[in-house]
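Single-letter residue listing:
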Amino acid sequence: MMVDPTLAEMGKNLNEAMKILEDGRKASEPDADRRQFSRSSIPGPLQGDGQDVASILQLVQNLMHDDEEEDRPSHRRMQNVGEQGHMALLGHSLAAYISVLDRERLRKLITRIASDTTLWLCRLFRYESGSAYYHEDDREGLLKVCRLVINTRYEDYSTEGYTVLNSRQPVIYQSATCRPGLGQHLCSQLGLPLSSLCTVPCNTMFGSQHQMDIALLDKLIREDVETGKLPLLLIANAGTPGAGHTDKLGRLKELCEQYGMWLHIEGVNLATLALWEVSSPVTAATRSDSMTLTLGPWLGLPAVPAVTLYRHEDPALSLAAGLTSSQPVEKLRALPLWLSLQYLGHDGIVEKIRHAVELSQRLLEKLKTLASIKTSVELDSEISFVDALTMVEDELNSPVVVFRFSQETSAESSGGSVEGYFAGEREVLDSLNRWLCERLAQLVPASGVDIVELEDEGTCVRFTPLMTAAALGTQRCDVDLLVERLTELIPVLNCTLRLRLDFREEVYRHSALSYIEDLNWPGLGAVRYEPRIEELNDSKRQLEVEKINSELLVKLGELDADLIFSTGLEFGPEKDCIFIGMATEDLDVAELVDTIAALGRDIEENGRLLENMTEVVRKGIQEAELQLQKDNQDKLMEEGVLRQIPLVGSVLNWFSPFQSTVKGRTFNLAAGSLDSTEPTYSMKSQTGGLASPETPTSSAKRLPGQRLFRREGAGGSDSHSETSSVGQAEELSMERFPQPTTPTPPSPVPDEAVSVVPESPETPQRPPTQENGEVGTQEGVEEEREPVGQEAPVEETGR
């Protein structure tokens, strides 16, 4: 069989390129030469002789992975590019090569590719007699469909343009659960005012809160028709972007036929049309006028276009709307998808979609056995029995699982349930669920869970294997591991939620502590130490509060405890606070708050001592200088003039030693006074040198191996499991909430005395000294230390 040498070389080069890039991704520690190469080559000019393919691929590899060396995240999701991915990438290279063929050969080839791909997709997703439009932006297909409907409903649009829209204003209807910004994008691209967009609310009284309210939609359409507007198109969901719910497509189709509207459907649940067993709500999508399929994430195919299947009988209007093109090169967009579909085959495509649905069903079954976890059906309240059955059927066949942590109704704290105990409970639960999703994504990165914000339920955790499993390689073991980690984190969430109230009450008992109400903090709470300084103005007091709480945060971080202390959210409204992380069942909240208050009080007192020491030392030095001058004058009068002459004084002192009556002085830092050294040298020890007591860090005696803030008798395997779960969160919390590295302030100077002795006139004046140590002051006064083992002289004799 003949082989085109160019195609063979292209496939070989692609395999070599993918091998180089994937080897670079798998390298754990890139060498320094590669880093230097990447940084030096990025801004450099083009080389005159050019570079070979290997060098260019090496540069691309460096650009792709260079940022990983500087900051490595705790979990990074990287798509697995398998053999089917290589086929999709090969399709882009082939499209460039095919585009240079002669016109006739190119026309035959692209006609075959487009017709084959369209036929396969229509049969695969049960969309009979349909046409296909391939587009890069998943909104582009709906935009072209809107142009087609406008050209169809306004006969003179092709000649008169937008002026014909003034006769009857077109209206586009969309559900409130549609993708954010979709309707605004359509109006902007079509040149329509925002009044042409009508957002239909979801059910409020009966039915699912994520499904379009059909009765209200009927009322809105009738009102628009009565005011002279033209209902143009309805956008429905087969799997809402948030919760994955499907609208009642059958009834919506009947309503569209009644008013002559176009029905367009999109959503992740459309993938289940390829399965043998399809739920009845999704089956109705095959009767729609158009629907958009995103096969890339469903099948794990990189860089393949999205597809919009539609039914229309007039090729001229389709050409005018841009759904078809007379340019052969544009039809080559289907080539990567054409190659990938052939590589996977029908069974391979169905197996990928079935695998994703089975992962969702497996997780859903396990979640229903867990306490404090509510799934999407349980989150909907006040629904009828028939609607509940429909929702259960839809949920069991949907590849989207949404769940949320909710407090146990039987959980008790201080003798009652936590439900309704404090205001802002919804915000607190949202913050805890946000923390839960981040922890699960870090512990089980292959699960692909993410955060979703729902209007009625709040923050939830979403598992969409159809959008992530093919890329991340999610398997059943990953789902089991996800449930296992979730089971370990649920007790931590329950304990933290219960102990928040106890923590707040304990903080209120201390006058020096202020409780900070931050509902967005996923943890025990926040506290601020308020110094007892009333004479300072607001600016100085703010600086003092910031200083004390920064030092307090450092000291708390040094304690041997399982709790995490941080500065809170990076862009949070509260500053100069100490945020406490997740808690466990054996946490002694009273001991924790008492320790925070005691440490803060010690830091405040030590700070005051350091501030007052400067003034005390300055005044003491001035007084000591005056005393030294007076003692020197008295000594001179006692010794006489002859003893002051250098040679004569030495001889005279040798024959007749002189005993001075002038005694030394000691400077007591604690009292700020000068005392006599006679008691000091008689007792051979300094007075007032008692060591300060240690800072209390625990109000109760701890058992060997027991960490701080744990109640006695509360240990055990369960407590250890919960604590280990919290301990694993330390790495993530340090990244989200960095702790300041405030330097530890100098220790306060002990209350020891500084010896001051008179000096002879012929020796230079020295600063006051201390016998057993040195005293450092904030004014930079340097003290001398007496040699070890040598007794200090009681007085200066002049010998």
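Residues numbered from 1 in each chain as written. Predicted model: local features only at pLDDT ≥ 70, side-chain atom pairs only at ≥ 80, totals over all residues. Heavy atoms only, no water.

Thoughts on the overall build of the chain
Part 1 of the reasoning: For the chain, the helix and strand inventory stands at 25 helices and 20 strands.
Part 2 of the reasoning: Pairs at least 24 residues apart make up 74% of the contacts formed inside the chain by residues separated by at least 6 positions.
Part 3 of the reasoning: Working note: accessible area of the chain is about 40100 Å², and carbon and sulfur atoms make up 52% of it. (Helix = DSSP H or I, 4+ residues; strand = E, 2+ residues; numbered from the N terminus. Contact = heavy atoms within 4.5 Å. Areas by Shrake-Rupley, 256 points an atom, 1.4 Å probe, with all protein chains shown as cover.)

Brief notes about the pattern of salt bridges
Part 1 of the reasoning: In the structure shown here, the tally under the stated rule is 21 salt bridges.
Part 2 of the reasoning: Here Asp480 makes a salt bridge to Arg362, at a shortest N to O gap of 3.0 Å. In this pair, Asp480 sits in helix α20 (residues 476-508) while Arg362 sits in helix α15 (residues 335-367), placing the two residues 118 residues apart along the sequence.
Part 3 of the reasoning: Since its relative accessible area comes to 28%, Asp480 is described here as partly exposed.
Part 4 of the reasoning: Taken together, the salt bridges that share partners define one network made up of Asp138, Arg179 and Glu266. (Salt bridge = Lys/Arg side-chain N within 4 Å of Asp/Glu carboxyl O. Buried < 20%, exposed > 50% of the residue type's maximum accessible area, 1.4 Å probe, protein only.)

Observations concerning helix α6 (residues 103-124)
Part 1 of the reasoning: Its 22 residues give α6 an end-to-end C-alpha distance of 31 Å, which sits within 8% of 32 Å, the value for a rise of 1.5 Å per residue.
Part 2 of the reasoning: Burial in α6 covers these residues: Leu106, Ile110, Ile113, Asp116, Thr117, Thr118, Leu121, Cys122 and Leu124.
Part 3 of the reasoning: Arg126 sits one or two positions beyond α6 and adopts a positive phi of about 60°. (Expected span 1.5 Å × (residues − 1).)

Looking at the nonpolar core
Part 1 of the reasoning: Judged by nonpolar contacts, the single largest core of 74 residues is most densely connected at Phe125 and Trp298.
Part 2 of the reasoning: A total of eleven residues in this core trace back to one element, the largest contributor, which is α15.
Part 3 of the reasoning: Those residues in contact with Trp298, other than ones at most four positions away along the chain, are Phe125, Gly267, Val268, Leu270, Ala271, Leu293, Leu466, Met467 and Ala470.
Part 4 of the reasoning: Counting 32 residues, the second-largest nonpolar core is a separate cluster that includes Leu370, Leu436, Val479 and Met582. (Core = buried A, V, L, I, M, F, W, Y, C linked by side-chain atoms within 4.5 Å.)

Notes on the packing of helix α7 (residues 140-153) against helix α9 (residues 182-190)
Part 1 of the reasoning: Packing of α7 against α9 leaves a shortest axis separation of 10 Å and a crossing angle of 55°. One element, α7, and the other, α9, form an angle in the oblique class. α7 and α9 meet at a crossing whose hand is right-handed. Residue-level contacts link Leu142, Leu143, Cys146, Arg147 and Ile150 of α7 to Leu182, Leu186, Gln189 and Leu190 of α9. (Axes fitted to C-alpha atoms, helices over the stretch in contact; angles between N-to-C directions. Parallel < 35°, antiparallel > 145°, perpendicular 65-115°, else oblique. Left-handed = near helix turned anticlockwise from the far one by under 90°.)

Examining the sheet that holds strand β14 (residues 513-516)
Part 1 of the reasoning: One open sheet accounts for four strands, arranged β14-β15-β17-β16; its pairing is antiparallel. Since the sheet does not close on itself, it has two edges, and those belong to β14 and β16 (565-566), each with one partner.
Part 2 of the reasoning: Relative to strand β15 (residues 525-529), β14 is paired through four bridges, and the arrangement is antiparallel. In the strand pairing of β15, Tyr515 is matched with Val527.
Part 3 of the reasoning: Packing of α20 onto the sheet brings it into contact with β14, β15 and β17 (578-580), and relative to β14 it is tilted by some 150°. (Pairing = 2+ DSSP bridges.)

Points about the confidence of the model for the chain
Predicted coordinates in areas of low pLDDT are best not read in detail.
Part 1 of the reasoning: With 67% of its residues at a pLDDT of 70 or more, the chain has an overall mean of 76.
Part 2 of the reasoning: Least confident of the elements in the chain is strand β11 (residues 416-417), whose mean pLDDT is 37; most confident is strand β5 (residues 262-266), at 97.
Part 3 of the reasoning: Every residue in residues 686-695 scores below 50 in pLDDT, and together they form 13 contacts with partners more than four places removed in sequence or on other chains. (pLDDT = per-residue confidence, 0-100.)

A short note on α9
Part 1 of the reasoning: The complete set of buried residues in α9 reads Leu182, Gly183, His185, Leu186, Cys187 and Leu190.
Part 2 of the reasoning: Check the buried side of α9 and you find it contacts α7, β2 (170-175), β3 (197-200), β4 (230-237) and β5.
Part 3 of the reasoning: Among the residues trailing α9, Gly191 stands out with phi positive, at a value near 75°.

Brief notes about the packing of aromatic side chains
Think of a pair of aromatic rings as described by two things: how far the centres are apart, and how the planes are tilted against each other in angle.
Part 1 of the reasoning: Counted according to the given criterion, the structure contains five aromatic pairs.
Part 2 of the reasoning: Ring geometry for Phe125 against Trp298: centres 6.2 Å apart, planes inclined by 55°, an arrangement best described as tilted. Here Phe125 is found in the loop between α6 and β1 (131-135), whereas its partner Trp298 is found in helix α13 (residues 295-299), with 173 residues between them in sequence. Exposure class is identical for Phe125 and Trp298. Each is buried.
Part 3 of the reasoning: Ring geometry for Tyr508 and Tyr515: centres 5.9 Å apart, planes at 70°, overall edge-to-face.
Part 4 of the reasoning: What makes Tyr508 exposed here is its relative accessible area of 52%. (Phe/Tyr/Trp six-rings, centres within 6.5 Å; stacked < 30°, edge-to-face > 60°.)

Here's the deal with the environment of Met212
Part 1 of the reasoning: One can find Met212 in the loop between β3 and α10 (214-226).
Part 2 of the reasoning: Taking the C-alpha atoms as reference points, Met212 and Ser175, 37 residues apart in sequence, are found 5.8 Å from one another.
Part 3 of the reasoning: With residues up to four places along the chain from it excluded, the contact list for Met212 reads Gln174, Ser175, Val200, Pro201, Cys202, Asn203, Leu217, Leu234, Ile235, Asp247 and Leu252.

Considerations on the side chain of Glu506
Part 1 of the reasoning: Tracing the sequence through the fold places Glu506 in helix α20.
Part 2 of the reasoning: Of the residues examined, Glu506 reaches a relative accessible area of 16% and is grouped as buried.
Part 3 of the reasoning: Not counting residues within four places of it along the chain, the set of residues in contact with Glu506 comprises Val589, Ala590 and Val593.

Things to note about the packing of α15 against α20
If you want to describe how two helices pack, look at the angle between their axes and the distance between the axes.
Part 1 of the reasoning: Across the interface, α15 lies against α20 with an axial gap of 10 Å and an inter-helix angle of 25°. In terms of their interaxial angle, α15 and α20 are classed as roughly parallel. For the pair α15 and α20, the crossing hand works out as right-handed. When α15 is examined against α20, the residues Glu358, Leu359, Arg362, Leu363, Lys366 and Leu367 are found in contact with a partner set consisting of Arg476, Val479, Asp480, Leu482, Val483 and Leu486.
Part 2 of the reasoning: Here the residues of the contact of α15 with α20 sort into seven nonpolar, no polar and five charged. (Nonpolar A, V, L, I, M, F, W, Y, C, P; charged D, E, K, R; others polar.)

Comments concerning a nonpolar patch on the surface
Part 1 of the reasoning: On the surface, a nonpolar cluster with roughly 690 Å² of combined accessible area is contributed by Ile645, Leu647, Val648, Val651, Trp654 and Phe655.
Part 2 of the reasoning: By the element assignment, Trp654 lies in helix α23 (residues 646-655). (Patch = residues over 30% accessible without salt bridge, like charges linked within 9 Å, V, L, I, M, F, W, Y side chains within 5 Å.)

Overview of the sheet that holds strand β12 (residues 450-454)
Part 1 of the reasoning: The four strands are arranged β8-β9-β13-β12 in an open sheet whose pairing can be described as antiparallel. Across the chains shown, the open sheet's two edge strands, defined by having one partner strand only, are β8 (373-375) and β12. Mean inter-strand twist for the sheet, computed between neighbouring axes without regard to direction, equals 40°.

Focus: unusual backbone geometry
Part 1 of the reasoning: Its identity as a non-glycine residue notwithstanding, Ala303 has a phi of 60°, on the positive side.
Part 2 of the reasoning: Mapped onto the fold, Ala303 is located in the loop between α13 and β7 (306-310).
Part 3 of the reasoning: Positioned with a positive phi, Ser372 is a non-glycine residue whose angle comes to about 70°.
Part 4 of the reasoning: With respect to the helices and strands, Ser372 occurs in the loop between α15 and β8.
Part 5 of the reasoning: In this structure Ser372 comes out as buried when scored by relative accessible area, which is 11%.

Examining the pairing of β15
In regular strands, side chains alternate between the two faces of the sheet.
Part 1 of the reasoning: Summarising burial for β15: five of the five residues are buried, a large majority.
Part 2 of the reasoning: Residues Gly525, Val527 and Tyr529 point to one face of β15 and Ala526 and Arg528 to the other, with burial holding for every one of them.
Part 3 of the reasoning: Relative to β17, β15 runs antiparallel, the two sharing three bridges. Note that in β17 the partner of Ala526 across the bridge is Phe579.

A word on the pairing of β2
Part 1 of the reasoning: Burial analysis of β2 places six of its six residues in the buried class, the great majority of the element.
Part 2 of the reasoning: Burial along β2 is two-sided: the face carrying Pro170, Ile172 and Gln174 and the face carrying Val171, Tyr173 and Ser175 are both buried.
Part 3 of the reasoning: Here β2 runs beside β3; their pairing, made up of four bridges, is parallel. For Ile172, the partnering residue across the bridge sits in β3 and is Leu197.
Part 4 of the reasoning: Viewed along the sheet, the connection from β2 through α9 into β3 turns out right-handed. (Right-handed = clockwise from strand over helix to strand, strands pointing away.)

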